[in-house]
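Inside the fold
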Amino acid sequence: MAEALIKLDHIFKTYDLPGNNNSTVLSDINLEIQEGEFVAILGPSGSGKSTLLRIIAGLVEPSQGKVYYKNESGEGFRTGMSMVFQSFALFPWLTVLENVKLGLKNNHSLDEKQKEEKAIEIIDMIGLDGFERAYPKELSGGMKQRVGLGRALVMEPDLLLMDEPFSALDVLTAENLKRDLLELWMEKRIPTKSIIMVTHGIEEAVYMANRAVVLSRDPARVVANIPINLPHWRDKQDRMFTALVDKIYSILTTKEVGAATYKEDKTKKLAQLPNARSGALTGFIELLEDIGQKTDLYKLGDQLNLDLEDLLPIVEAASMLQLVMIKEGDIELTPIGKAFAEATVLERKEIFREQALQRVGSLNTVFSALNSKSNGKMPEEFFLNILTRHFGEEEAQNQLNTIIDWGRYAELFAYDEHVGQLFLEKEED
Ligand code: ADP
Ligand code: MG
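A brief structural summary. Just so it is clear, the model here is predicted, and its values are computed rather than measured.

1. Comments concerning the site of ligand 1
In the vicinity of ligand 1, 16 residues are found, and the nearest of them are Gly46, Lys49, Ser50, Thr51 and His390. Contacts to ligand 1 include Ser47, whose backbone N or O atom sits 3.2 Å from an oxygen atom. In the environment of ligand 1, an oxygen atom lies 2.9 Å from a nitrogen or oxygen atom belonging to the backbone of Gly48. Breaking the shell around ligand 1 down by element, the ones donating at least two residues are helix H1 (49–57) and helix H14 (380–391). Here the residues of the shell around ligand 1 sort into four nonpolar, nine polar and three charged. Both domain 1 (6–252) and domain 2 (278–423) contribute no fewer than three residues apiece to the shell around ligand 1.

As C-alpha cells, this is what we get:
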C-alpha cells in the first residue's frame, strides 16, 4: 500500500460565534489520502468543505484532532502544498508573471532569475504564453484562474488543494481548464502527487477524480467514500459515468446529507442562504407548476439540461421558503408554492415577502435594522461585518448579494451600489 500523503485523524472544528454561541462545523472527520489519488470532496453549501481544506493546508487549526502530512503532524502552514481559490485571489497591481512568481516567494534556494525562468515555464504550460506582462484586469475569468493555477503549480507542490476552482467560470471555459489540468496531471508533466478538490459539481467530480468523499452538514461528517475507477478520458454519456453521478446525487439528497432540503437549525441565529437569485426561483416555481405533478429532481435536471449543482441552490431556496416539498428525490409544490405560481406579479411579491420574513433570519435582521433607523438607511459595510463573523469573509459577500436580491424582489428594501447603502423603500400612501 502506498504511503498516505495526508491523514486526518478525528478532526473536529468549532467556530465561536458572537454571543457565546458555538457552532460545530466538522465532526470527527477521518480521511486518508494516498499518493497518486485525486480526491473530490462534495457536500451541501455551508457544510464545511472550505474549512476542511484550510485545515489540511494548515491555514486553520482544528479544534480537536490531528493532521498528519507525510506522517508528521505539526502546526502552521505546511510546505509542499499549494491552494487554488474559487475567487482566483490574484494581486491586481501585479502582472501575470509577478503573480505566478509570488508562488516562489518563500523559496530561498532559487535566485530571482531562476524564479523568473521557472514562472515563465509554468506560464507556458498553463497556456498563458504571451500574457506574461498583462495585468489581471486584462484577462478573462478563465485566464485569471489559469494564473491562480500557475501560482500554485510553480511551487511544485506534492499536494494540490483546490477550492471550487471552476465554479466562477462559465461552462465552456471551465471544461477547457479541467481538460488542461487533467492532461498535466495524467501525463505527469507536474510533479504533484495528489490532488484534493472541493467542488459542488457532481459531474465534475466523476469526470476528474479517482474518489469522491461526501460530507453531510450541521455538522459535517464523512457519509460516503466512493471510488471512481473509470479510465480517462471519461465519457459523460457512458452508463457507468451516469450511474456514478446518479449514486452521488442520491447520497447528497438523502435526508441525512440534505443538499436539496433546507434544514432549519435553531442553534444558528443566521442560517446560510442558498445563493439563488429570485428570478431563477420564480422561473423554477413556474416550471414546476407547468409540470403539474410530483417529479424526480434528477430527471428534471436532465430535462432542463441543467447541471444538478446549478439546480440545487434554487431547490434549496424554494424549500427554505416552503414553496416546495422534497421527499426521496421527488419534488412538488406546496400549497403556498401553488398559490405563488398562480398569483399575479404583485401577489407573488407579497407571498415571497411573507415567507422570507418568517423563514429567512438574515433578511429579517437587515429589514429590522433599517426600520430601527430614523432615515431608514444603513451602509452595506455594517451588514457585511455581521455576515463575515458568521460565515467568513468569502461567503459573506455572496450572502449579502443574495439578501439584497431577495430584499429587492420582495420590495422590503433597496440598494444603492454607488454609495454602498441599503435603504427602505418609501411607502406610497
Ligand atoms: P463550504 O465551503 O462547505 O460552503 P465553509 O467551510 O465555508 O463551508 O463553512 C462552513 C460553516 O462554517 C458555515 O456555517 C460558515 O458559516 C462557518 N464559518 C466558516 N468560516 C467561518 C469563520 N471564519 N468564522 C465563523 N464561522 C465560519
Ligand atoms: Mg466553500
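From this point on, the discussion continues.
2. Quick look at the pairing of strand S11 (residues 324–327)
Taking every second residue as pointing to the same face, the buried face of S11 carries Val324 and Ile326, while none of Met325 and Lys327 on the other face is buried. Pairing of S11 with strand S12 (residues 330–333) involves four bridges; the strand directions are antiparallel. Across the sheet, residue Met325 finds its bridge partner in S12, namely Glu332.

3. Quick look at the environment of Ser27
Summarising the element assignment, Ser27 is placed in strand S2 (residues 21–34). Those residues within four positions of Ser27 in sequence are excluded, and the remaining contacts are Ile11, Phe12, Pro219, Ala220 and Arg221.

4. Observations concerning the nonpolar core
Side chains of nonpolar character tend, in soluble globular proteins, to be buried together. Within the largest apolar cluster, 109 residues are counted, with the highest numbers of intra-cluster contacts made by Phe38, Met162, Ile248, Ile331, Phe352 and Trp406. Both domain 1 (6–252) and domain 2 (278–423) contribute no fewer than three residues apiece to this core. Ignoring sequence-local partners within four residues, the contact set of Phe38 consists of Met162, Leu182, Trp185, Ile195, Met197, Met208, Ala209, Asn210 and Arg211. Membership of the second largest hydrophobic core comes to 28 residues, among which are Leu5, Ile6, Val67 and Val213.

5. Topic: the pattern of salt bridges
Tallied over the entire structure, the rule returns 16 salt bridges. Put simply, Arg133 and Glu116 hold a salt bridge, and the shortest N to O gap is 3.9 Å. You can see Arg133 sitting in the loop between helix H3 (112–125) and helix H4 (141–153) and its partner Glu116 sitting in helix H3, a full 17 residues away along the chain. Overall, the relative accessible area of 57% leaves Arg133 in the exposed class. Here Arg146 ties to Asp180 by a salt bridge, and the two come within 2.9 Å at their closest N and O atoms. Here Arg146, found in helix H4, pairs with Asp180, found in helix H5 (residues 171–186); they are 34 residues apart in sequence, far enough to count as distant. A residue is classified by how much of its surface remains accessible, and Asp180, at 29% relative accessible area, is partly exposed. Beyond isolated ion pairs, a larger network of salt bridges with shared partners links Lys101, Glu112, Glu116 and Arg133.

6. A few points about the sheet that holds strand S1 (residues 4–17)
The strands that make up a sheet are held in pairs by hydrogen bonds between backbone atoms, and each pair lies either parallel or antiparallel. Read from one edge to the other, the open sheet built from three strands follows the order S2-S1-S4, with strand pairing classed as antiparallel. Looking at strand neighbours, the two that pair on one side only are S2 and strand S4 (64–69), the edges of this open sheet. Averaged over neighbouring strand pairs, the angle between their axes works out to 20° when direction is ignored. As paired strands, S1 and S2 are joined by 10 bridges and run antiparallel to one another. Of the residues in S2, the one forming a bridge with Lys13 is Leu26.

What counts and what doesn't
- Residues numbered from 1 in each chain as written.
- Chains lettered and ligands numbered in written order.
- Predicted model: local features only at pLDDT ≥ 70, side-chain atom pairs only at ≥ 80, totals over all residues.
- Heavy atoms only, no water.
- Near = heavy atom within 4 Å.
- Polar contact = N/O pair within 3.5 Å; in protein donor to acceptor, adjacent residues only side chain to side chain.
- Helix = DSSP H or I, 4+ residues; strand = E, 2+ residues; numbered from the N terminus.
- Nonpolar A, V, L, I, M, F, W, Y, C, P; charged D, E, K, R; others polar.
- Domains from an automatic or database assignment.
- Buried < 20%, exposed > 50% of the residue type's maximum accessible area, 1.4 Å probe, protein only.
- Pairing = 2+ DSSP bridges.
- Contact = heavy atoms within 4.5 Å.
- Core = buried A, V, L, I, M, F, W, Y, C linked by side-chain atoms within 4.5 Å.
- Salt bridge = Lys/Arg side-chain N within 4 Å of Asp/Glu carboxyl O.
- Axes fitted to C-alpha atoms, helices over the stretch in contact; angles between N-to-C directions.

Remember that the coordinates give geometry; whether it matters functionally is a separate question.
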